[in-house]
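Each chain, letter by letter, is given below.
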Amino acid sequence: MEGYEIHHPVSDLKQKASKGEGLSLKEIEKRVAKKMDALEAEFLKEIPPVIEAIEDALSCLEKGEGSTIEQKEIFRQGHDLKGMGGSFGYPIMGTIGSGICELTREEFETKNLMLPLIRVHLDLLIYVNANRIKDDTDPKAAPIIAAIENAKAR
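Reading the values: the criteria
Residues numbered from 1 in each chain as written. Predicted model: local features only at pLDDT ≥ 70, side-chain atom pairs only at ≥ 80, totals over all residues. Heavy atoms only, no water. Helix = DSSP H or I, 4+ residues; strand = E, 2+ residues; numbered from the N terminus. Rg over C-alpha atoms; globule rule 2.2 N^0.38 Å. Buried < 20%, exposed > 50% of the residue type's maximum accessible area, 1.4 Å probe, protein only. Areas by Shrake-Rupley, 256 points an atom, 1.4 Å probe, with all protein chains shown as cover. Lys, Arg positive; Asp, Glu negative; His and termini not counted. Charge placed at Lys NZ, Arg CZ, Asp CG, Glu CD. Expected span 1.5 Å × (residues − 1). Contact = heavy atoms within 4.5 Å. Core = buried A, V, L, I, M, F, W, Y, C linked by side-chain atoms within 4.5 Å. Phe/Tyr/Trp six-rings, centres within 6.5 Å; stacked < 30°, edge-to-face > 60°. Salt bridge = Lys/Arg side-chain N within 4 Å of Asp/Glu carboxyl O.

### So, the overall build of the chain
- Scanning the chain for helices and strands turns up six helices and zero strands.
- Moving toward the C terminus, one meets the helices and strands of the chain in the order α-α-α-α-α-α.
- Expected size for 154 residues packed as a compact globule is a radius of gyration near 15 Å; at 23 Å, the chain overshoots this value by more than 25%.
- With 154 residues in all, the chain has 32% of them scored as buried.
- When the accessible area of the chain is evaluated, it comes to approximately 10600 Å², of which 56% is carbon and sulfur surface.
- When the 21 positive and 27 negative side-chain charges of the chain are each reduced to one mean point, those points stand 5 Å apart.

Structural data, given as structure tokens:
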């Protein structure tokens, strides 16, 4: 390659790592835990707008004024919960989100949606958020899980 020069940037990483100048595992874990706590707080801050979006769309459908637009909005919010709940330490919110997705799938006609059951899921989400119930190890989770399972059985 005539006319070109290859430059290799100086990298001190190998030297630092071999000298033990990097962070200790304990320090790395501490920093990661701090970042995860901040991400969890951010996630929880976003739940009230999710609840509001589902409430608005569901109310519209309950009044008979909704369409596939509201159905898709509820599905989208449920899908976000389904994915993010477990990632941020709230798998029960993910389970509720999954239920919302199942109830608002595209193949259901809007007029045939089980709106009372979607309302139950929304109420469960509100309760879980208000009480910061993360998973089934929380004693307050038992009735939530039973309600979700009972709703699925029907």
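### Brief notes about helix H3 (residues 68-87)
- Taking 1.5 Å of rise per residue, 20 residues should cover 28 Å, and H3 covers 29 Å from first to last C-alpha, within 8% of that figure.
- Within H3 the residues assigned to the buried category are Glu 70, Gln 71, Ile 74, Gln 77, Gly 78, Leu 81 and Gly 85.
- Of the surrounding secondary structure, the elements contacted by the buried residues of H3 are helix H2 (25-62), helix H4 (91-103) and helix H5 (115-131).
- Positive phi appears at Gly 89, one or two residues downstream of H3, with a value of about 85 degrees.

### Brief notes about the nonpolar core
- Grouped together as the largest cluster of nonpolar side chains are 30 residues, with contacts concentrated most on Ile 74, Met 93 and Ile 96.
- Put simply, the parts of the chain that give this core at least two residues each are H2, H3, H4, H5 and helix H6 (141-153).
- When residues in this core are grouped by element, the largest group, nine residues, is from H2.

### Considering the packing of aromatic side chains
- Within this structure, the stated rule accounts for two aromatic pairs.
- Ring centres of Phe 43 and Tyr 90 lie 6.1 Å apart, and the angle between their planes is 40 degrees; on these two criteria the pair is classed as tilted. Of this pair, Phe 43 sits in helix H2 while Tyr 90 sits in the loop between H3 and H4, and the two are 47 residues apart along the sequence. We note that Phe 43, like Tyr 90, is buried.

### Here's the deal with the pattern of salt bridges
- With the rule as written, the count across this model stands at eleven salt bridges.
- Glu 40 is paired through a salt bridge with Lys 134; the nearest N and O atoms lie 3.4 Å apart. One end of the pair, Glu 40, is in helix H2; the other, Lys 134, is in the loop between H5 and H6, and 94 residues separate them in sequence.
- Taking the relative accessible area as the measure of exposure, Glu 40 reaches 18% and is therefore buried.
- Residue class for Lys 134 comes out partly exposed when judged on its relative accessible area of 33%.
- Here the salt bridges do not stand alone but share partners, grouping Glu 27, Lys 30 and Arg 31 into one network.

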